Amino acid sequence: MYKRQSGVRALPDVEFDDRASVRPADLRPGERLAWSGTTGSPVFVVMGSVVMALAIVSGAVLFVMGASSVVVYSAVLLLAGAAVLALGRVRLTVDQRGVRLVSALLGVRLLRVRLADVAGVETETLDPMSWGGWGLRVSKRGTAYVTGRRPGIVVRRRDGSAVAVTIDDAESAASVAAALAQR
């Protein structure tokens, strides 16, 4: 659902197929419009937590054994765990500043598209294999955050690249992004 300054209104029903064009939300002059939603994968949270725990346990064991590479080994594992954990839960925000994807757990900005750079917006079923796998991916198609074969928003940039994110209610996010980009 997207929010207006005066309250909340529902979008018209949109049939979802593999790739759907998006009808921009109605936006009156002076009206503010924004959409925000969270998504993620519990697999990333578990993997990141396990790697970080492994770093702590192995660091303690190596420290007791007197190994000199304890600091480097543990630091590399902790950074790898934090990177995976950062992808565990993300927030997608569409507003007058653009389309942004931020790690909900660590607050790190992962993706950003300014409204001036938006050439088009659509929804489609994002397949991990067509984007290079699960997680945050950069490929010839563009940059994507994919957590499975699920519906998502695809923002086409003016330079020809794309940004894609699997998210529940992709139709609403795309509708708001299209309306704001047209303004």
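Residues numbered from 1 in each chain as written. Predicted model: local features only at pLDDT ≥ 70, side-chain atom pairs only at ≥ 80, totals over all residues. Heavy atoms only, no water.

(A) Broad picture of unusual backbone geometry. Unusually for a residue other than glycine, D169 sits at a positive phi of about 60°. Along the polypeptide, D169 turns up in the loop between β12 (162-166) and α4 (170-182). Residue classification places D169 among the partly exposed positions, given a relative accessible area of 32%. (Helix = DSSP H or I, 4+ residues; strand = E, 2+ residues; numbered from the N terminus. Buried < 20%, exposed > 50% of the residue type's maximum accessible area, 1.4 Å probe, protein only.)

(B) Focus on helix α1 (residues 42-65). Between the first and last C-alpha of α1 there are 34 Å, a value that for 24 residues agrees with the 34 Å anticipated at 1.5 Å per step. Tucked into the core, α1 has its buried residues touching α2 (70-86), β9 (135-139) and β10 (142-146). Of the residues trailing α1, G66 is marked for its positive phi of about 85°. (Expected span 1.5 Å × (residues − 1). Contact = heavy atoms within 4.5 Å.)

(C) Geometry of the nonpolar core. Formed by 28 residues in total, the largest nonpolar core has its most connected members in L92, V94 and I153. Of all the secondary-structure elements, those providing two or more residues to this core are β4 (33-40), β5 (89-95), β6 (98-103), β7 (109-113), β8 (118-126), β11 (150-157), β12 and α4. With 8 residues, α4 is the largest single contributor of residues to this core. Apart from the residues lying within four places of it in its own chain, the contact partners of L92 are W35, S36, G37, V99, R100, L101, I153, V165 and I167. (Core = buried A, V, L, I, M, F, W, Y, C linked by side-chain atoms within 4.5 Å.)

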